[in-house]
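Summary of structural features
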Amino acid sequence: EVEERNVLLVGWGGEVLDGEGPRHVEWPIHSEVMRARPDVGAVVHSHPPHSIALGAAGKPLQPVSHAGTLFVPPEVPHYTRTADLIVTREMGEDVAGGLGDARAMLLVNHGIVVVGPDLPQAICAAVLLEKAAHQQLLVEGFGGAVRWSDDEEALAKRSSVWSPGHLQSLWDYLVR
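Only a predicted model underlies this, so the values are computations on that prediction, with no experimental measurement involved. (Residues numbered from 1 in each chain as written. Predicted model: local features only at pLDDT ≥ 70, side-chain atom pairs only at ≥ 80, totals over all residues. Heavy atoms only, no water.)

Topologically, Ile123 is positioned in helix 5 (residues 119–141). Not counting the four nearest positions on each side in its chain, Ile123 is found in contact with Val44, Trp171 and Leu174. (Helix = DSSP H or I, 4+ residues; strand = E, 2+ residues; numbered from the N terminus. Contact = heavy atoms within 4.5 Å.)

This part covers the pairing of strand 6 (residues 111–116). Most of strand 6 is tucked away: 6 of the 6 residues are buried. Side chains Gly111, Val113 and Val115 project from strand 6 onto one buried face, and the interleaved Ile112, Val114 and Gly116 project onto a second face that is buried too. Looking at chain direction, strand 3 (residues 42–46) and strand 6 are connected through 5 bridges and run antiparallel. Paired with Ser46 across the bridge in strand 6 is Ile112. In this structure, strand 5 (residues 104–107) lies alongside strand 6, joined through 4 bridges in antiparallel fashion. Paired with Met105 across the two strands is Val113, which belongs to strand 6. Turn length for the strand 5-strand 6 hairpin, with the two strands adjacent in sequence and antiparallel, is 3 residues, and the turn residue Asn109 shows positive phi of about 65°. (Buried < 20%, exposed > 50% of the residue type's maximum accessible area, 1.4 Å probe, protein only. Pairing = 2+ DSSP bridges.)

Our focus in this paragraph is the nonpolar core. Within the largest apolar cluster, 25 residues are counted, with the highest numbers of intra-cluster contacts made by Leu61, Phe71, Val114, Leu128 and Leu129. When contributions to this core are tallied by element, the ones reaching two or more residues are strand 3, strand 5, strand 6, helix 5 and helix 7 (164–175). Beyond its immediate chain neighbours, meaning those up to four positions away, Leu129 contacts Ser51, Leu61, Phe71, Ala104, Leu106, Ile112 and Val114. Among the nonpolar cores identified, the runner-up in size contains 14 residues, and Val33, Val95, Met105 and Leu107 belong to it. (Core = buried A, V, L, I, M, F, W, Y, C linked by side-chain atoms within 4.5 Å.)

Take it as geometry only, folks, not as evidence of what the structure does.
Right under this line is the structure:
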């Protein structure tokens, strides 16, 4: 639903540099993660229900599906300092510090932060994080996972399952 006319360019201090309309109050998440991570070209913050539930349960994300292997290992960090809105530069810095070098973070009782080198990869990762959380919660309903990808297999799947071409195919699907 977002079109080019909806996109704002926001400066490091939160000022709208280009575009029209109100900027989102949680802009410090985006600015401080990008300031801390030169490898990041896009930050997604949203409030997907299964990811919120997984974080609220205090559960680590397990690679019980292909989707989960995009994130684990290492363990997806949980941000627990607050479940409130991230509205100051200091709070944004804290989120960025908690994210570290990870691709995603669960903001416990709040939402997610997911990063990528560009917007398509960051959006695909956000969609896949929610899918992974949903799949894991389904498994929990059956008593919990009895098997999941070990670290070696999960890392290998990043090349075989989540190659740039596969992520591009997912992006093309989402755009359609």
